[in-house]
Amino acid sequence: MSTGRLYGVGLGPGDPELLTVKAARLIGAADVVAFHAARHGRSVARGIAAPYLREGQIEELLVYPVTTETTDHPGGYQGAIDEFYEAAAARLAAHLEAGRDVVVLAEGDPFFYGSYMHMHKRLAHRFPTEVVPGVTSVSGSAAAVGRPLVERDEVLTVLPGTLPAEELAEWLSTTDSAAVMKLGRTFPQVCEAFDRAGVLDRALYVERATTEGQRTLPLADVDPSSVPYFSLALLPSPLTGELPVEEHAAHEDATAGEVVVVGLGPGARHWTTPEAADALAGADVLIGYGPYLDRVAVNPRQERYPSDNRVEAERAAHALELARSGRRVAVVSSGDPGVFAMAAAVLEVAGRPEFADVPVRIVPGLTAAQAVASKAGAPLGHDFCVMSLSDVLKPWDVVVDRLRHAAAADLVIALYNPRSKHRPHQLGEAQQVLLENRSADTVVVVGRDVGGPEEQLTVTTLGELDPATIDMRCLLIIGSSQTRVGPSGQVWTSRTYPG
């Protein structure tokens, strides 16, 4: 028969909801659940784990022979405790040898001043063992008082309150932050140590952290007769521990604003970079063309200002005005914001004297040409250019002249904004201009809504391209003389150009 498995499971500082998912699962699945208690038999650990226990489990109550009492054991206190641990380990070993899995409950973390470690030392070399960490009382207490423990390069020291006051004081005077455990009867000497170290004025007291009986107050104000074992003294980070709440709020309000122009990528959420997602999450205000803004999940903390697609300058000015007042503003673009999108518009308006002190940052995104090319194969494998067929911001004769020169240079051409309702004839004219210098057999890739729910990819030729099938959701890649369609249907442009 195979042996059972031993689990040391951390329960966290007291709140049953602070157990990890794994801890809860193992407790519910175990054949045997073991827990320690003082001679009164009430187990704090079992009380925390109670919501996760099930009917029919074997419970092993491990009662300490002594805690603070005296003992007539010939080995004294340590002898009595060692004998207890040996006997407890033997009881658990009998279950493990019979093939039963055993969970030993531990308040906080099993390896952080916990009783489980004494079972671990006696059993882990004999049976398969796993330790499941838990939230420590130190972490729970810091959360309870809302004060960071350490910041930047600070040092946190964890000390037992059972040390002599002189030694405690020496540690406290040389560390940035500290947690002193095991209070109860040791409390007077702990207070003395904080006073000797000159840090009593910023020390805090936490009792039964995260439970209904939680109590927090300045260490100097605590009545020593009221201190239970499940309490600790905290020396928070000096960088933040003494700031009043009002100063925190004032500091946060003084945060400088900025404008971040963010590229979402062409459509699919997994094409939005982590940097872009982080910039969106950190913003107070989101501004953008309505359909692009709709791609960003709504967060009630953030203000949103959707607008029409033809008001780039007004949108940029609005973003900069908000940033000048201290807001963190994300201007949302589809694809890459620097490719026919909002980055240039924002930087142009930011050049005005009134916005000279407003920082502007650009976060790149995957642009549509790259997305369509990746779906088709590698049509941008050699020299290429990127053009917009829109004549809203430049004359149509300039567009035609550039097309003619790009075709004559035998460049692969990625065409953005190919055909709209307001200019349905221009793509047909562009096709005829390209045919002046390109063969009708030139490979053309049409990507529609790439990355979106209606994604469609078509490979055709310049001669067979039907402009009537194209709209503003399409991007076209016009191949060069070296663009080919492989046997598998993938499109690629050779990196080697003929001599």
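Calculation notes
Residues numbered from 1 in each chain as written. Predicted model: local features only at pLDDT ≥ 70, side-chain atom pairs only at ≥ 80, totals over all residues. Heavy atoms only, no water. Helix = DSSP H or I, 4+ residues; strand = E, 2+ residues; numbered from the N terminus. Buried < 20%, exposed > 50% of the residue type's maximum accessible area, 1.4 Å probe, protein only. Contact = heavy atoms within 4.5 Å. Lys, Arg positive; Asp, Glu negative; His and termini not counted. Charge placed at Lys NZ, Arg CZ, Asp CG, Glu CD. Core = buried A, V, L, I, M, F, W, Y, C linked by side-chain atoms within 4.5 Å. Pairing = 2+ DSSP bridges. Axes fitted to C-alpha atoms, helices over the stretch in contact; angles between N-to-C directions. pLDDT = per-residue confidence, 0-100. Polar contact = N/O pair within 3.5 Å; in protein donor to acceptor, adjacent residues only side chain to side chain. Salt bridge = Lys/Arg side-chain N within 4 Å of Asp/Glu carboxyl O. Right-handed = clockwise from strand over helix to strand, strands pointing away. Arc of directions from axis to C-beta. Patch = residues over 30% accessible without salt bridge, like charges linked within 9 Å, V, L, I, M, F, W, Y side chains within 5 Å. Areas by Shrake-Rupley, 256 points an atom, 1.4 Å probe, with all protein chains shown as cover. Disulfide = S-S within 2.5 Å. Left-handed = near helix turned anticlockwise from the far one by under 90°. Nonpolar A, V, L, I, M, F, W, Y, C, P; charged D, E, K, R; others polar.

Within the protein one finds 15 helices and 23 strands. Principal-axis analysis of the C-alpha atoms gives the protein an extent of 110 × 65 × 45 Å. The burial tally for the protein puts 46% of its 499 residues in the buried class. Across the protein, every contact between residues at least 6 apart in sequence was considered, and the portion connecting residues at least 24 apart equals 70%. Across the protein, the 43 positively charged side chains and the 63 negatively charged ones have centroids separated by 5 Å.

One recurring pattern in soluble globular proteins: nonpolar side chains tend to sit buried together. With 23 residues, the main nonpolar core has Leu 403, Leu 415, Leu 476 and Ile 478 as its most contacted residues. Secondary-structure elements contributing two or more residues to this core are strand 17 (384–388), helix 14 (396–408), strand 18 (412–416), helix 15 (426–435), strand 19 (443–448) and strand 21 (474–478). Among the elements that line this core, the one with the most residues is helix 14, at 6 residues. Sequence-distant contacts of Leu 403, defined by excluding residues within four places in its chain, comprise Met 387, Leu 389, Leu 415, Ala 430, Val 433 and Leu 434.

Pairing in this open sheet of 5 strands is parallel, and the strands run 13-12-14-11-15 from one edge to the other. Single-partner strands in this sheet number two, and they are strand 13 (303–307) and strand 15 (360–363). The average undirected angle you get between the axes of adjacent strands in this sheet is 20°. Sheet topology note: the strand 12 (residues 285–289)/strand 13 ladder contains 5 bridges and is parallel. Paired with Gly 288 across the bridge in strand 13 is Pro 306.

Attention now moves to the confidence of the model for the protein. Taken as a whole, the protein shows an average pLDDT of 91; of its residues, 96% reach a score of 70 or greater. Across the protein, element-level confidence peaks in strand 1 (residues 6–10) with a mean pLDDT of 98 and bottoms out in helix 8 (residues 245–253) with 39.

What follows covers the side chain of Thr 136. Tracing the backbone shows Thr 136 in the loop between strand 5 (129–132) and helix 5 (137–145). Exposure remark for Thr 136: the relative accessible area of 16% places this residue in the buried category. In terms of polar contacts, Thr 136 uses its side chain to reach the backbone amide nitrogen of Ser 139, at 3.2 Å. Dropping the residues within four chain positions of it, Thr 136 is found in contact with Pro 13, Gly 108, Asp 109 and Phe 112.

A separate point is the pattern of salt bridges. When their charged atoms lie close together, side chains carrying opposite charge are able to pair. Under the counting rule described, the total for this entry stands at 22 salt bridges. The partner of Arg 196 in a salt bridge is Glu 166, with the nearest N and O atoms 3.8 Å apart. Highlighted residues: Arg 196 in helix 7 (residues 187–196) and Glu 166 in helix 6 (residues 165–174), separated in sequence by 30 residues. Classification of Glu 166 as partly exposed rests on a relative accessible area of 47%.

This part takes up the pairing of strand 2 (residues 32–37). The element strand 2 is extensively covered by neighbouring structure, given that 6 of its 6 residues are classed as buried. Covered by surrounding structure in strand 2 are Val 32, Ala 34 and His 36 together with Val 33, Phe 35 and Ala 37, the residues of both alternating faces. For the crossover from strand 2 across helix 2 (residues 44–49) to strand 3 (residues 58–63), the handedness is right-handed. Sheet topology places strand 2 next to strand 4 (residues 102–106); 3 bridges connect them, and they run parallel. For Val 33, the partnering residue across the bridge sits in strand 4 and is Val 103.

Here the focus is helix 4 (residues 116–123). Side chains of residues three or four places apart in an α-helix project in the same direction, reflecting 3.6 residues per turn. Buried within helix 4 we find Tyr 116, Met 119, Arg 122 and Leu 123. Viewed along the axis of helix 4, the buried residues span an arc of 130°, placing them on a single side of the element. Looking at the packing, one finds that the buried side of helix 4 touches strand 1, helix 3 (76–97), strand 4 and strand 5.

Nonpolar side chains collect at one region of the surface, where Val 44, Tyr 229 and Phe 230 lie side by side and expose about 290 Å² of accessible area between them. Assignment of secondary structure puts Phe 230 in the loop between strand 9 (215–218) and strand 10 (231–235).

Let us now look at the sheet that holds strand 4. Whether parallel or antiparallel, the strands of a sheet pair through hydrogen bonds between backbone atoms. Taken in spatial order, the 5 strands of this open sheet run 3-2-4-1-5, and their pairing is parallel. Only two strands of the sheet have a single partner each, and these edge strands are strand 3 and strand 5. Averaged over all neighbouring strand pairs, the angle between strand axes comes to 20°, with direction disregarded. In this structure, strand 1 lies alongside strand 5, joined through 4 bridges in parallel fashion. Bridge pairing links Leu 6 to Thr 129 in strand 5. Relative to strand 1, helix 1 (residues 21–29) is tilted by about 135°, and along the sheet it contacts strand 1, strand 2, strand 4 and strand 5. Seen against the sheet, helix 3 touches strand 1, strand 2, strand 3 and strand 4 and runs at an angle of roughly 170° to strand 3.

Another point: the state of the cysteines. A covalent bond between the sulfur atoms of two cysteines is what we call a disulfide. Here the structure, examined in full by the defined rule, presents 0 disulfides. No disulfide involves Cys 474; its sulfur sits 19 Å from that of Cys 385, the nearest cysteine.

This part covers the packing of helix 3 against helix 4. Two elements in contact, helix 3 and helix 4, have axes whose closest approach is 9 Å; the angle formed by their N-to-C orientations is 65°. Judged by the sense of rotation from one axis to the other, the crossing of helix 3 with helix 4 is right-handed. In this structure, helix 3 contributes Asp 82, Tyr 85, Glu 86, Ala 88, Ala 89, Leu 92, Ala 93 and Leu 96 to the contact, and helix 4 contributes His 118, Met 119, Arg 122 and Leu 123. Classifying every residue of the contact of helix 3 with helix 4 gives 8 nonpolar, 1 polar and 3 charged.

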